[in-house]
Every structure is written in C-alpha cells, then in structure tokens.
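Overview (structure and organization)
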Amino acid sequence: MRVLEKAPAKINLSLDVLHKRKDGFHEVKMIMTTIDLADRVELIDLPIDEIRIVSHNRFVPDDQRNLAYQAAKLLKKRYGIKRGVSISITKTIPVAAGLAGGSSDAAATLRGLNRLWNLGLSFEQLAELGSEIGSDVAFCVYGGTALATGRGELIEHINPPPHCWVVLAKPTIGVSTADVYRNLNLNAINHPNVDGMVNAIQNGDYAQICHYMGNVLESVTLRMYPEVANIKEQMKRFGADAVLMSGSGPTVFGLVQYESRLPRVYNGLRGFCDQVFAVRMLGERNSLD
Ligand SMILES: C[C@@](CO)(OP(=O)(O)O)[C@H](O)COP(=O)(O)OP(=O)(O)OC[C@H]1O[C@@H](n2ccc(N)nc2=O)[C@H](O)[C@@H]1O
Ligand SMILES: Nc1ncnc2c1ncn2[C@@H]1O[C@H](COP(=O)(O)OP(=O)(O)O)[C@@H](O)[C@H]1O
C-alpha cells in the first residue's frame with residue numbers, strides 16, 4: 001500500500017524568547033502559520049522490517065539523521081510495529097532555512113504512517129510523539145495557525161490570518177538553529193508584542209498584522225550574516241507591506257496584500273537570491289489536504 005502526505009512549510013509571524021530553561025532549551029512565545037510551499041512525503045510498505053529514506057537532495061540525510069526516519073522509528077518502537085516502510089521525500093522547502101522543512105517531513109510521516117498502519121492515533125497523540133523529535137514538529141502535525149509556547153511544542157490554535165501573498169527569499173547560507181539560540185543575548189532583547197499579533201489575527205486586521213511582526217532571533221542571525229539584512233532592505237524597497245526573518249533564518253519573508261504588487265517584489269528579489277518563492281498564506285488547519 002502507498003500513502004501520500006503534503007508537508008507544508010511554516011513562517012513565524014512573531015517570535016519572542018522569554019528565558020533560558022534548565023533543560024537548555026529556550027522558553028518561546030510565537031505565532032506560526034503554514035504557507036503554500038510544501039514537500040511531498042510518500043510512504044510505501046516494504047516486505048522487510050526496515051526504514052528506507054529516498055531523497056534526491058544532497059542537503060537531506062538519507063539515514064537515521066533524517067527527521068522522517070526518526071518519526072517512523074519512534075512510532076515503530078512505541079507501538080511495537082514490525083513492518084518496514086520506504087519514505088520518499090520530494091523537497092521543495094529549502095533546507096536549514098527557518099521554514100521547518102525537516103520538522104514538517106517528520107510530521108507528515110507521523111500522519112501518513114498512522115494511516116498506512118491503521119494506528120487510529122489522534123492528532124494530539126501524534127503531536128506529542130512529534131515533540132520528542134523536535135520543537136517544531138508538534139505544530140507541523142496540525143498545520144494551520146497557532147500560538148506556540150513552551151519550547152514551541154505547546155500549541156493553541158487560533159484563526160487563520162486574512163489571505164495574502166508571501167514572498168520568500170533564502171540566501172545560499174544555511175543556519176544552525178542551535179547556534180542562533182546559543183548566541184542570543186537575553187539581556188538585550190527588544191520583545192515583540194505577541195499578544196498584539198494574536199489580536200490582530202483574530203480581528204483579521206492585515207495592517208495590524210504587518211505592524212506587530214517581530215522576531216528576536218533576527219538580532220543574532222543578521223549580525224552573523226549581513227546579507228540577510230540586505231535582503232530585508234531590498235524586499236522593503238521592492239514594495240512588500242512588511243518584512244521579517246522566519247525562525248532562526250536565514251529565509252526572509254515579505255507579506256503582499258495585492259496580487260498586482262507581487263511581480264515587482266518577486267522579480268526584484270530574483271536579482272539578489274537564487275531561491276525566491278511567491279506563495280499563498282494557508283493558515284487553515286484543513287490546508288494539509
Ligand atoms: C527557531 C524555530 C522557530 O520556529 O524554528 P526554525 O528556525 O528551526 O525553523 C524553532 O524554535 C526551532 O525548532 P526546531 O528546529 O524544531 O528545534 P529543535 O530541533 O527542537 O532544537 C534545535 C536546537 O535549538 C535550540 N532550541 C530550540 C528550541 C527552543 N525552544 N530552544 C532552544 O534553545 C536547542 O539548542 C536545540 O538543541
Ligand atoms: N527531512 C529533512 N529535510 C531537511 N533537512 C533535514 C531532514 N531531516 C533532517 N534534516 C537536517 O535538519 C537540518 C535542519 O533542516 P530544516 O528542518 O530544513 O531547517 P529549519 O529547522 O531551519 O527549518 C538540516 O541541516 C538537515 O541536515
């Protein structure tokens with residue numbers, strides 16, 4: 001049998017870090033939402049008890065380091081499953097980009113294997129398993145739009161933001177999330193108003209959403225990689241309504257309300273970056289279909 005799952009990327013419309021925890025992780029408060037840029041994860045039964053990763057992307061590990069592999073292994077162990085699976089990942093989401101591509105592949109693997117192996121697990125159970133793999137996996141199990149707290153695994157669903165376009169530009173560098181958190185100076189943070197962003201989204205107020213966009217991790221990544229700041233500047237110059245780095249970066253996204261303004265932003269950025277995308281904000285939980 002064969003099961004196909006869509007694995008969409010996320011952006012962080014607002015990202016605050018509150019403090020460093022005793023377990024070494026940081027306590028966060030952030031708004032995550034899915035966008036229409038997705039990997040495809042295909043799961044096929046194998047006649048032998050083995051997990052196989054097929055991905056024709058040189059940046060994606062094809063062994064136990066792959067987060068999709070870890071998802072399958074965790075499910076097998078937790079539920080004593082003695083079946084094999086081939087996990088074929090078609091990458092569209094840039095790797096190590098702040099867009100949770102690997103986490104979304106892991107989440108898609110959890111959802112897909114739940115179907116393939118008839119496990120009957122709820123999304124809540126899958127999200128709990130996912131949080132053992134990585135902080136962003138729980139959100140990716142559900143998709144949609146959420147306020148995420150804890151180390152990012154505590155999910156509170158909120159309304160989708162109003163429809164708009166998202167232009168993404170990723171410079172050729174890849175960023176290590178662990179490095180960015182390690183280099184964050186907690187005493188010099190300009191905290192974004194995450195509650196203001198929640199209200200703006202619940203009210204469907206596009207101008208206020210643009211106003212409240214903020215990400216404390218920008219301070220670290222922009223210092224490490226000045227080209228990210230340059231891309232932000234260019235995106236503003238080409239007419240995006242609001243511009244922010246996603247997650248730990250280095251991808252920069254810009255919101256554009258009117259489709260007529262999109263070509264100028266998209267084409268302008270293509271001159272600076274080889275990976276540029278113009279996609280829709282999805283934001284609704286049924287966007288995984
Ligand atoms: C920054 C964010 C924002 O959504 O996204 P990305 O930039 O990775 O997409 C997330 O917090 C990233 O989540 P994720 O990529 O799943 O991180 P994990 O694998 O759990 O952790 C990688 C490393 O980052 C640090 N880390 C992560 C999450 C957190 N709340 N505090 C941390 O200090 C830890 O050093 C950890 O070892
Ligand atoms: N399925 C996967 N897709 C992409 N990267 C993966 C995957 N599994 C493991 N990785 C590893 O995870 C690292 C972070 O990748 P990714 O999830 O794309 O970034 P981010 O956490 O910044 O959004 C990569 O350097 C890669 O080696």
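Below is a short write-up of the structure. Computed from a predicted model, the values in this text were never measured in an experiment. (Residues numbered from 1 in each chain as written. Chains lettered and ligands numbered in written order. Predicted model: local features only at pLDDT ≥ 70, side-chain atom pairs only at ≥ 80, totals over all residues. Heavy atoms only, no water.)

A few points about the environment of S104
- Within the fold, S104 resides in helix 2 (residues 101-116).
- Leave out the neighbours within four places in its chain, and S104 touches A7, P8 and C140.
- Engagement of the side chain of S104 in a polar contact is seen with the backbone oxygen of P8, the distance being 2.7 Å. (Helix = DSSP H or I, 4+ residues; strand = E, 2+ residues; numbered from the N terminus. Contact = heavy atoms within 4.5 Å. Polar contact = N/O pair within 3.5 Å; in protein donor to acceptor, adjacent residues only side chain to side chain.)

Observations concerning the site of ligand 2
- In the neighbourhood of ligand 2, 17 residues make up the surrounding shell, with A96, G98, A100, G102 and D105 lying closest.
- Here a nitrogen atom of ligand 2 and a side-chain polar atom of K91 are 2.9 Å apart.
- At 3.4 Å, a backbone N or O of A97 approaches an oxygen atom of ligand 2.
- In the complex, the protein chains occlude 78% of the 540 Å² of accessible area that ligand 2 would expose alone.
- Broken down by element, the residue count for the shell around ligand 2 peaks at three residues, all from helix 2.
- Here the shell around ligand 2 is built from residues that sort into ten nonpolar, four polar and three charged. (Near = heavy atom within 4 Å. Areas by Shrake-Rupley, 256 points an atom, 1.4 Å probe, with all protein chains shown as cover. Nonpolar A, V, L, I, M, F, W, Y, C, P; charged D, E, K, R; others polar.)

Remember that the coordinates give geometry; whether it matters functionally is a separate question.
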